[in-house]
Amino acid sequence: MFKRARIAAQSATRRSTFARRLMTAVFVAGCILPDIAGSAETRDPLLAYGARIIGDDARTRIVIDFDREPRFSVHYIANPERIVVDLPATAFGFPGKDLAAHGLFRDIRYGKMDEESARIVLTAARPVKLSLAKVQADEAGKGHRLVLEAEIIDKQAFAELVKTQSWSDRAWNDRDAAAQATSAIPAPAKTAPGDFVIAVDAGHGGIDTGAIGVDTKTEEKQVTLAFAKALADRLNKEPGIKAFLTRNDDEFLSLSQRVLIARQNHAGLFISLHADTLKQKDIRGATVYTISDKASDKLAADLAERENLSDQIAGKETVAEPPEVADILLDLTRRETQAFSISIAESVLNSFKDQVGTINNPHRHAGFRVLQAPDVPSILLELGFLSNAEDEKLLLDESWRGKMADLLTDAVKRYRSGVVANGG
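Residues numbered from 1 in each chain as written. Predicted model: local features only at pLDDT ≥ 70, side-chain atom pairs only at ≥ 80, totals over all residues. Heavy atoms only, no water.

Undergrad: How would you summarise the sheet that holds strand 1 (residues 46-55) if you had to cite specific residues and measurements?
TA: Across the sheet, which stays open at both edges, the five strands sit in the order 5-1-2-9-8 with mixed pairing between neighbours. Strands at the two margins of the open sheet, each flanked by one partner only, are strand 5 (90-92) and strand 8 (128-137). Neighbouring strand axes in the sheet, compared pairwise and without regard to direction, differ in orientation by 25° on average. Strand direction decides the pairing type here: strand 2 (residues 59-66) and strand 9 (residues 144-152), joined by eight bridges, are antiparallel. Counterpart to isoleucine 64 in the pairing with strand 9 is leucine 146. (Pairing = 2+ DSSP bridges. Helix = DSSP H or I, 4+ residues; strand = E, 2+ residues; numbered from the N terminus. Axes fitted to C-alpha atoms, helices over the stretch in contact; angles between N-to-C directions.)

Undergrad: How would you explain the nonpolar core if you had to name every residue and give the values?
TA: Ile198, Val200, Leu273, Phe352 and Val412 are the most contacted members of the largest nonpolar core, which has 42 residues in total. For this core, the secondary-structure elements that each account for two or more residues are strand 10 (196-202), helix 5 (220-235), strand 11 (241-245), strand 12 (269-274), strand 13 (286-291), helix 10 (334-352), strand 15 (378-382) and helix 12 (398-421). Ranked by residues supplied to this core, first place goes to helix 12 with nine residues. Filtering out sequence-adjacent residues up to four positions away, phenylalanine 352 remains in contact with Ala286, Thr358, Leu381, Met404, Leu407 and Leu408. Ranked by size, the runner-up nonpolar core spans 26 residues in total, among them Ile64, Leu104, Ile108 and Leu146. (Core = buried A, V, L, I, M, F, W, Y, C linked by side-chain atoms within 4.5 Å. Buried < 20%, exposed > 50% of the residue type's maximum accessible area, 1.4 Å probe, protein only. Contact = heavy atoms within 4.5 Å.)

Undergrad: Before we move on, can you summarise unusual backbone geometry with the specific residues and values?
TA: A cis amide bond links asparagine 79 with the next residue in sequence, proline 80, at an omega value of 0°. Tracing the sequence through the fold places proline 80 in the loop between strand 3 (73-77) and strand 4 (82-88). Positive phi values are uncommon outside glycine, yet lysine 217 reaches one of about 65°. For lysine 217, the position within the fold is in the loop between strand 10 and helix 5. In this structure, aspartate 354 takes a positive phi of about 65° despite not being glycine. As for its position among the elements, aspartate 354 is in the loop between helix 10 and strand 14 (358-366).

Undergrad: Can you tell me about the side chain of histidine 274, naming the residues and giving the values?
TA: Here histidine 274 shows up in strand 12. Among all residues touching histidine 274, those that are not within four sequence positions of it are Gly203, His204, Glu220, Thr224, Glu307, Leu380, Leu381, Glu382, Leu383 and Gly384.

Undergrad: Can you lay out the pattern of salt bridges for me, pointing to particular residues and giving the numbers?
TA: Following the criterion strictly, the structure yields 28 salt bridges and no others. Of the charged contacts in the structure, one is a salt bridge between glutamate 219 and lysine 221, with a shortest N-O distance of 3.9 Å. A relative accessible area of 9% means that lysine 221 is categorised as buried. Between aspartate 250 and lysine 221 there is a salt bridge whose closest N-O contact spans 3.1 Å. Taken together, the positions of aspartate 250 in the loop between strand 11 and helix 6 (255-264) and lysine 221 in helix 5 put the pair 29 residues apart, joining distant regions of the chain. Accessibility expressed as a relative area gives 31% for aspartate 250, which makes it partly exposed. Among the ionic contacts, a cluster of salt bridges with common partners joins Arg52, Asp65, Asp138, Glu139 and Arg145. (Salt bridge = Lys/Arg side-chain N within 4 Å of Asp/Glu carboxyl O.)

Undergrad: Can you break down the environment of alanine 275 residue by residue, with the values?
TA: Mapped onto the fold, alanine 275 is located in the loop between strand 12 and strand 13. Residue alanine 275 is classed as buried on the basis of its relative accessible area, which comes to 0%. Apart from residues no more than four positions distant in its own chain, alanine 275 is found in contact with Ala211, Glu220, Val223, Thr224, Glu382, Gly384, Leu386 and Leu395.

Undergrad: Mind laying out the packing of aromatic side chains, listing which residues take part and the relevant values?
TA: The tally for this structure, following the rule as stated, stands at seven aromatic pairs. Seen in terms of ring centroids, phenylalanine 92 and phenylalanine 94 are 6.1 Å apart; in terms of plane orientation they differ by 90°. Their pairing is edge-to-face. When the centroid spacing of 6.5 Å and the interplanar angle of 50° are considered together, the rings of phenylalanine 227 and tryptophan 400 count as tilted. One end of the pair, phenylalanine 227, is in helix 5; the other, tryptophan 400, is in helix 12, with 173 residues separating them in the sequence. The exposure class of tryptophan 400 is buried, given its relative accessible area of 12%. Three or more aromatic residues link up through ring pairs in this structure, and these residues are Phe92, Phe94 and Tyr110. (Phe/Tyr/Trp six-rings, centres within 6.5 Å; stacked < 30°, edge-to-face > 60°.)

Undergrad: Got a sec to walk through the side chain of serine 272? Specific residues and values, please.
TA: Mapping serine 272 onto the fold places it in strand 12. For serine 272, a relative accessible area of 0% puts it in the buried group. A polar side-chain atom of serine 272 sits 2.7 Å from a polar atom in the side chain of aspartate 201. (Polar contact = N/O pair within 3.5 Å; in protein donor to acceptor, adjacent residues only side chain to side chain.)

Structure follows, in structure tokens:
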């Protein structure tokens, strides 16, 4: 099983330290971290306690009730056309159906971005602009309301909005955020020479809820975080293994930021946890994915496409990776890292055999952006499907989580032993 890993390890030892550092520097420079709301609140979060939306496909009005006056900023993002409303830390206390997509908007998301900011992302069915965006006091003295009124415009007018807008009201710019991230990212407990560092990544978070359970309506971001904590705790009981979480609360992380966190902590392994939904509700079981330019099948391709939309859901611009970065990744370590990734995937599935139900052909591959670290072996583990009632019960069962964590720990230990024994 470790033949490919052995070849990769022997090749990897011949790589220069300079090449790795160069690659890291260029990759970090290409990462765009989440936008931060322009106004940070240090006191208790705002409470958005009510919402309503009315209108048609020519003009649509959204009203959100707050317990006190909110400060906000508005920006426009293309491909697809979106309006982003940034807020200070906000608790959204109204039923989701009260702000269901309607009129000019085909999707509306809202939620936490980090400890100091929240965001509303309005994805339009066609180019739009806000003809009205203001805060006004509630006549009954119950706080303030944010009123947003959108109207249809043509594509050229929307492109001009995107081009001419100013983002200077953000708390910091992307370069500042990237610099801050290198010193503020999560980190494992104090490591010793030779420790095997593992980044455990709870998929989704904050404004990006992920999938929704078919029976309990549990959000995927809650399932993945609960399992990530259980897995990290179990891994950290093993001598010589140090696991850490890319996020330890309900916070949004961009796909690039998750990769950056793993790389900045010199992780030897990255495990991204998910629990998706499928239209075919009878499909159940675990799946392990590795990265590939070409998807192994339609299911893998569709899943990768959905997961890669995470940044878009949170109102981030889609930024193409610089060509020179892609060249470096390919020339230096991409093939080696893929071999290691395949080895850990096989180790996981061997642990699951006769212990955990899996789908047919449980090792699949596709172009997952969260697995793009060029020098960190990475897998995306689909724990099960929230679209299947039986899987959903297991995903919410603490004892099942414990069993899965034990099996994954055994897989990691075997993988690590094989790599170390062969010079990795």
